[in-house]
Amino acid sequence: YVFLVMFALFRIITAVFLKDTMELAARDAKLVIQQKTRQKEEFAQHMLEFFQLADTSGDGFITLDELQEVLFHNPKIKSWLGMLELSVDDTEELFSILDNGDGQVSCEAFTKGALHLKGAARSQDVMAIKQTGMTLLNEMKALRASLKGLDHLVRDSEIETTI
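Cut-off values and rules
Residues numbered from 1 in each chain as written. Predicted model: local features only at pLDDT ≥ 70, side-chain atom pairs only at ≥ 80, totals over all residues. Heavy atoms only, no water. Axes fitted to C-alpha atoms, helices over the stretch in contact; angles between N-to-C directions. Helix = DSSP H or I, 4+ residues; strand = E, 2+ residues; numbered from the N terminus. Parallel < 35°, antiparallel > 145°, perpendicular 65-115°, else oblique. Left-handed = near helix turned anticlockwise from the far one by under 90°. Contact = heavy atoms within 4.5 Å. Nonpolar A, V, L, I, M, F, W, Y, C, P; charged D, E, K, R; others polar. Polar contact = N/O pair within 3.5 Å; in protein donor to acceptor, adjacent residues only side chain to side chain.

A. Region of the structure containing the packing of helix α2 (residues 64–73) against helix α4 (residues 91–98). Between α2 and α4, the shortest axis-to-axis distance is 10 Å and the interhelical angle comes to 140°. On the basis of the axis angle, α2 is oblique to α4. Note that α2 runs across α4; the crossing there is right-handed. Two secondary-structure elements touch here, α2 through L64, L67, Q68 and L71 and α4 through T91, E92, L94 and F95. Residues belonging to the contact of α2 with α4 are distributed by class as follows: five nonpolar, two polar and one charged.

B. Focus on the environment of D99. Relative to the elements of secondary structure, D99 occurs in the loop between α4 and β2 (104–106). Along the backbone, D99 and A8 are 91 residues apart, and their C-alpha atoms lie at a distance of 67 Å. What D99 contacts, discounting residues up to four positions off in sequence, is Q104 and V105. A polar contact is formed between the side chain of D99 and the backbone nitrogen of D102, at a distance of 3.4 Å.

Here's what the structure looks like:
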C-alpha cells in the first residue's frame, strides 16, 4: 500500500513539474517572437536614420552617388552597417539590388531591401533564386528554338532568291 501511494505521489509531482515546464516553454516562445519583432523594428529605425543621412539632396530618394559618398566619407557608418549584418563592400552591387531600374531608391524600398539583405541567405531565398533561374533558362531555350526557326526561314528564302 505504501509503495502504491509513493508511486502515485511521484507521478503527480512529475506531472506538475512537466506542466510548469511546458508553460514556461510556451512563454519563452512568445518572448522570442516579441524580441524578434522588436529587433526588426529597431533595425528598420536604424535603416531609416541611415537613409535620412544618405539622402543629401532631401528628395526622399538616394542615388548611387549619394550612397557611395556617405559610405566613403564616413567609415563609422560602414562599420555600423557591418554590425547590423549588412555587407557594404560592393556599393554598386548593393545599390543595384535595391534599385528598381530608375537610378534611385525610395526610403521604403531601401528599408525593406535592407531587411531582406540582413544576415545570411535563407533557404527560401535560395529556392526563389533557383526558381527564377529555371524560368529564365526555359525562356532562353524557347527563344533559342524560335531563333533557329527564323534562321531556317531566312536561309530558305535566301536560297530561293539565289535560284
